[in-house]
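# Understanding the architecture of this molecule
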Amino acid sequence: MNEIIHYFNTIPSSHRALILAGGISFFWLIETAVPLFKFSYNKWQHAGINIFFTVTTMIVNFCLAVILLKTAQWTVDANFGLLQWLPEMNPWLFAIVGLLLLDLIGAYLVHWVEHKVRFLWHFHLIHHTDAWVDTTSANRHHPGESVIRFIFTTIGVLVVGAPMWMVFLYQTLSVVATQFNHANIVLPKKLDTILSYFIVSPDMHKVHHHYVLPYTDSNYGNIFSIWDRLFGTFKSLDRDKIIYGVDTHMKPEEHNTLSNLLKIPFQKHRAPNN
């Protein structure tokens, strides 16, 4: 465990970028070879839009990183936060508890709030408009949402009292997990079901991308599936019945043009069909 702590305490930005690019490339190759859905779309054009949003997310996080670094360091120095108040424990158990708490407060909770608060939903909507969900969709977030998520992440780090190595470890696992559960791949049904009891599996997350309620408002989990099952937000739907997108923006000119996607948060609200 000490080696893992040391690595993520000092992980270079180049390594984090390599993990991001490597994950996209790996799952891109798999979904090209054995896709769940055979979309009729320009995969490269679609990827170009999603990678644009991936880059803007990276820029936002890079520009604000010092806030996260100082917050994590302060929680340790001031002995503040849930982890800091717990009794001393085995380092592996400490890491698992910390990752679970970061997933709950910094990911599940913010995702749930984004669906419930109209102003925040207008930004998160860009992610849901994707009608051809694949591994590049994982970081399809409006720059405004990237800022919103950063704020919630910082609050999560503060409440949890997570040291910086744990934050970097969580973010690394999160990148790979979201690329995996967004990828246009098909796992054996039994394997996917077993995985869904522990982590957010591809079938589980794709239900969240079904185009109508109540499925859109379900399966908010990021890495761990326990929170959806614990808080009653878990839903299942046969993979063959899933239609991607959101019912208010089903036209290609609305969900597949960069200029419109950037404008969506500032457009008139459209009520979903139940």
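Note that this is a predicted model, so its numbers are computed, not measured.

## Here we look at helix α3 (residues 43-77)
Its 35 residues give α3 an end-to-end C-alpha distance of 48 Å, which sits within 8% of 51 Å, the value for a rise of 1.5 Å per residue. Roughly 55° is the biggest bend found in α3, and it falls at Leu-64. With a side-chain oxygen positioned 3.1 Å from the backbone nitrogen of Trp-44, the residue opening α3 is Asn-42. Just downstream of α3 lies Asn-79, where phi reads positive at about 55°.

## Things to note about the side chain of Asp-203
With respect to the helices and strands, Asp-203 occurs in helix α10 (residues 202-208). In contact with Asp-203, other than residues within four places in its own chain, are Lys-189, Asp-192 and Arg-239.

## Focus on the layout of surface pockets
Counted as a void, the largest pocket has a volume near 1,300 Å³. What lines the largest pocket is a set of 45 residues, and nearest its centre among them are Arg-16, Thr-57, Asn-61, Gln-171 and Val-175. It is helix α8 (residues 164-182) that contributes the most residues to the lining of the largest pocket, 11 residues altogether.

## Brief notes about the pattern of salt bridges
Evaluation of the coordinates by the stated rule reveals nine salt bridges. Of the charged contacts in the structure, one is a salt bridge between Glu-31 and Lys-43, with a shortest N-O distance of 2.9 Å. Here Lys-43 lies in helix α3 and Glu-31 lies in helix α2 (residues 13-33), a separation of 12 residues in the sequence. For Lys-43, a relative accessible area of 18% translates into the label buried. Lys-189 serves as the salt-bridge partner of Asp-203, at 3.2 Å between the closest nitrogen and oxygen. Note that Asp-203 is positioned in helix α10 and Lys-189 in helix α9 (residues 189-195), a separation of 14 residues in sequence. Connected through shared salt-bridge partners, Glu-31, Lys-43 and Asp-134 make up one network.

Cut-offs applied
Residues numbered from 1 in each chain as written. Predicted model: local features only at pLDDT ≥ 70, side-chain atom pairs only at ≥ 80, totals over all residues. Heavy atoms only, no water. Helix = DSSP H or I, 4+ residues; strand = E, 2+ residues; numbered from the N terminus. Expected span 1.5 Å × (residues − 1). Bend = angle between axes of the 7 residues up to and from the residue. Polar contact = N/O pair within 3.5 Å; in protein donor to acceptor, adjacent residues only side chain to side chain. Contact = heavy atoms within 4.5 Å. 1 Å grid on protein atoms, 1.4 Å probe; cavity = no way out; pocket = protein on both sides within 12 Å on 5 of 7 lines; lining within 4 Å. Points joined across faces, edges and corners; volume = space filled by probe spheres on them. Salt bridge = Lys/Arg side-chain N within 4 Å of Asp/Glu carboxyl O. Buried < 20%, exposed > 50% of the residue type's maximum accessible area, 1.4 Å probe, protein only.

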